[in-house]
Amino acid sequence: TSQGVRVDTTGPDTSWAFVKDVTCGNLASDTDYARLGSITSLVIVVGGLSDPESGDTFTYAFAFGTAKDPEKILPFSPPQDSTKIYNVGVNTTFEPGILYVATVSACNRVGRCSLVMSDGITFDNSPSEIGAILDGSSALDIDYQSNTTTLCGLWQNISDAESSILYHEVAFGICDSAEILQFVNVGLDQKFCFQELALKLRHAYC
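Below or above, wherever it landed, is the structure these notes cover. All of these numbers come straight from a predicted model, not from anything done at the bench.

**A look at the nonpolar core**
Side chains of a nonpolar character, in soluble globular proteins, are inclined to be buried together. Formed by 21 residues in total, the largest nonpolar core has its most connected members in Ile44, Tyr60 and Phe64. In terms of residue count, strand β7 (residues 99-107) provides more of this core than any other element does, 4 residues in total. Those residues in contact with Ile44 that sit more than four places away from it in its chain are Val19, Lys20, Phe62, Ala63, Phe64, Lys84, Ile85, Tyr86, Val88, Ala102 and Val104. One finds Val170, Phe172, Leu199 and Tyr205 within the second-largest nonpolar core, a separate group that totals 9 residues.

Structure representation (structure tokens):
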């Protein structure tokens, strides 16, 4: 008797599949945002595909572009046997504020294919914009306080047209001085109070 023929009518299962945009050299790390001009490599990594009907041996074709045009930067590469990594390179001009995505076509042994896309990477070319920074813990800016152990501040109208705000950092120091305490990561809060301080009289703190 022959070894038999297994019938497969579907493409690879993508339920647990992932595609990563890697810029830092660590293939386990997915990059969502990057400063324009700061990266030296861009690599696509795919994994998590399975096929219970014809086995987990696939060929991969890689493309890179935008959600509207997945092949804008890199048209689909020729299929590669079992190669889960593809170097896009950085010999192109990326535009700030555009979501770029990697697309992988994975095909099984009978030529049935499935597409998997990354969550994308956005390049940013400018710092965030801050509308106003206020002294004190309310929406009214203060010039004087009697408390010598607590210093509060808040900030409003934070925006970034090219990428999302991930977190805020806040610090304080003596105004018109290079003396600044270490920045504190406060998440997405827009108000913070430094506690247990020893503020000096007749000093202005910013």
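**Some points on the state of the cysteines**
By definition, a disulfide links two cysteine residues through a covalent bond between their sulfur atoms. As enumerated under the stated definition, the model contains 3 disulfides in all. Sulfur-sulfur distance for the disulfide between Cys152 and Cys193 comes to 1.9 Å. Disulfide Cys152-Cys193: torsion about the S-S bond near 110°, hence right-handed. Here Cys193 lies in strand β14 (residues 191-194) and Cys152 lies in strand β11 (residues 151-159), a separation of 41 residues in the sequence. Residue classification places Cys152 among the buried positions, given a relative accessible area of 15%.

**Details of the sheet that holds β11**
Remark on secondary structure: sheet strands pair via backbone hydrogen bonds, oriented parallel or antiparallel. Judged by pairing direction, the sheet is antiparallel, and its 3 strands sit side by side in the order β10-β11-β14 without closing on themselves. The open sheet has two edge strands with one neighbour each: β10 (129-135) and β14. Each neighbouring strand pair of the sheet contributes to a mean axis angle of 20°, computed without reference to strand direction.

**Thoughts on the environment of Ala17**
Within the secondary structure layout, Ala17 lies in the segment before β1 (18-22). Each C-alpha atom, one on Ala17 and one on Thr103, is 12 Å from the other, the two residues being 86 residues apart in sequence. Not counting chain neighbours up to four residues away, the residues in contact with Ala17 comprise Gly47, Gly48, Leu49 and Val116.

**Quick notes on a nonpolar patch on the surface**
Residues Tyr33, Leu166 and Tyr167 make up a contiguous nonpolar surface patch of about 320 Å² in total accessible area. Considering the arrangement of structural elements, one finds Tyr33 in strand β2 (residues 33-35). Classification of Tyr33 by relative accessible area gives partly exposed; the value is 34%.

**So, the side chain of Asp124**
Here Asp124 lies in strand β9 (residues 121-124). As a buried residue without a salt bridge, Asp124 has its nearest oppositely charged side chain in Arg35, at a separation of 9.0 Å. In contact with Asp124, other than residues within four places in its own chain, are Ala34, Arg35, Leu36, Asp160, Glu162 and Ser163.

**A few points about the pairing of β1**
The element β1 is largely enclosed, with a buried count of 4 among its 5 residues. In the sheet, β1 pairs with strand β3 (residues 43-47) via 5 bridges, with the strands oriented antiparallel. In the sheet register, Lys20 faces β3, and the bridge partner there is Val45.

**Let's talk about unusual backbone geometry**
Phi at Ser82 is positive, roughly 60°, even though this residue is not glycine. In this fold, Ser82 is placed in the loop between β5 (80-81) and β6 (85-87). Ser82 gets classed as partly exposed once you look at its relative accessible area, which sits at 48%. Positioned with a positive phi, Arg202 is a non-glycine residue whose angle comes to about 60°. Relative to the helices and strands, Arg202 resides in the segment after β14. With relative accessibility at 84%, the residue Arg202 sits in the exposed group.

The rules behind these values
Residues numbered from 1 in each chain as written. Predicted model: local features only at pLDDT ≥ 70, side-chain atom pairs only at ≥ 80, totals over all residues. Heavy atoms only, no water. Core = buried A, V, L, I, M, F, W, Y, C linked by side-chain atoms within 4.5 Å. Buried < 20%, exposed > 50% of the residue type's maximum accessible area, 1.4 Å probe, protein only. Helix = DSSP H or I, 4+ residues; strand = E, 2+ residues; numbered from the N terminus. Contact = heavy atoms within 4.5 Å. Disulfide = S-S within 2.5 Å. Pairing = 2+ DSSP bridges. Axes fitted to C-alpha atoms, helices over the stretch in contact; angles between N-to-C directions. Patch = residues over 30% accessible without salt bridge, like charges linked within 9 Å, V, L, I, M, F, W, Y side chains within 5 Å. Areas by Shrake-Rupley, 256 points an atom, 1.4 Å probe, with all protein chains shown as cover. Salt bridge = Lys/Arg side-chain N within 4 Å of Asp/Glu carboxyl O. Lys, Arg positive; Asp, Glu negative; His and termini not counted.

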